[in-house]
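Listed below, chain by chain, are the residues.
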Amino acid sequence: MDHFSLIRTIEINPTELCNLQCSFCPRAHGYPNQNLHMSIDTAKEIIKQIENCNFKGRVTFAGRGEPTLTKNFDKIVQLFLECANIKRVNITTNGKRLHLLEKFLEPYGNKFKVNYDVYTTDEKQQRLILEKYKNYENVHVTIKPDVGLNYNEYATSKTSEKNPNVKSKYGTGNIEGMTNRAGFLGESLYDFTDKSCRKLTHMIYINWNGDYNLCCDDWTPLVLGNIYKENISEFLNYNETITYYRKKLVCENSREGLPACQNCNRNAPLNKEVRVDVENLIKMDELTL
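Residues numbered from 1 in each chain as written. Predicted model: local features only at pLDDT ≥ 70, side-chain atom pairs only at ≥ 80, totals over all residues. Heavy atoms only, no water.

Brief notes about the packing of aromatic side chains
Reasoning step 1: Taken as a whole and assessed by the stated rule, the structure comprises 11 aromatic pairs.
Reasoning step 2: Ring centres of Phe 24 and Tyr 119 lie 5.5 Å apart, and the angle between their planes is 55°; on these two criteria the pair is classed as tilted. In this pair, Phe 24 is assigned in the loop between β1 (9–12) and α1 (40–53) and Tyr 119 in the loop between β4 (112–118) and α4 (123–133), connecting sequence segments 95 residues apart.
Reasoning step 3: For Phe 24, a relative accessible area of 7% translates into the label buried.
Reasoning step 4: Classification of Tyr 119 as buried rests on a relative accessible area of 19%.
Reasoning step 5: Among the aromatic residues, those joined into a cluster by ring pairs are Tyr 31, Phe 184 and Trp 219. (Phe/Tyr/Trp six-rings, centres within 6.5 Å; stacked < 30°, edge-to-face > 60°. Helix = DSSP H or I, 4+ residues; strand = E, 2+ residues; numbered from the N terminus. Buried < 20%, exposed > 50% of the residue type's maximum accessible area, 1.4 Å probe, protein only.)

This is the structure we're talking about:
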């Protein structure tokens, strides 16, 4: 066993563009909209490394932009769908350009999954969207009406019962579905007993240009390496920065002094069995230094 073997999902941020400015998102609070996109060559490099490392998990296109705005995105998705190693390709989208990907829904079945987050407050439009995709098992529609709350309002109205503007249990006013984006949107109001985080043990985050970042919550992205300098397996097993973060979070149960993590309110602790495995791997790493 090594750190790579624990990874379940490779998350890719394929673009820095978005066509919305939701009130709960950093893009409504100063995060720039940039015309930056993953190239087909970078996508092919990731796939080559997935095959060479014999990765058998999921690939998720989500991140800090709207994936469907990526140049040549349908071609990139096709490449990942054709990779036999990948169990599933997930897309998280606001649905404005979902029609570009509908051609993949039936041919690839459950290997292709769309998480469609509907932010409109128009209930008629919500019903039309639900009706359109109700027969597709691989399209999961979640109604998340953007009712204009900023992060501080989310954090002080933790449930939809306390905030009558939230019209769904999935509403953006539900603090369980909301983070402060590693401090970008404000300080964490919560103190967790367990400071570990499965984001750094079960997932890897790759930016549009091949940079390794911490995770999807880090909106002041730390660059930890690049796929062209360290392949995925090398990064997960030998990168000094990610190793230090794991040791601090898992072995020391602390986020103190860790950029991004120290301000993050993401509560995603490891289960006991995995925590023991990670601790043992870290001890083995130290013995081989």
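The discussion continues.
A few points about the confidence of the model for the protein chain
Reasoning step 1: Mean pLDDT over the protein chain works out to 89, with 89% of the residues at or above the 70 mark.
Reasoning step 2: Segment residues 158–177 is flagged for pLDDT under 50; beyond a separation of four residues in sequence, or across chains, it makes 35 contacts in the model. (pLDDT = per-residue confidence, 0-100. Contact = heavy atoms within 4.5 Å.)

Concerning the sheet that holds β4
Remark on secondary structure: sheet strands pair via backbone hydrogen bonds, oriented parallel or antiparallel.
Reasoning step 1: Within the open sheet, the eight strands sit side by side as β5-β4-β3-β2-β1-β6-β7-β8. Their pairing is mixed. Two strands in the sheet have a free side with no partner beyond their single neighbour: β5 (139–143) and β8 (225–226).
Reasoning step 2: Pairing of β1 with strand β2 (residues 58–61), which is carried by four bridges, proceeds in the parallel orientation. Residue pairing for β2: Ile 10 is matched across the bridge by Val 59.
Reasoning step 3: Contacts from α4 reach β4 and β5 within the one sheet, and its direction differs from that of β5 by about 165°. (Pairing = 2+ DSSP bridges. Axes fitted to C-alpha atoms, helices over the stretch in contact; angles between N-to-C directions.)

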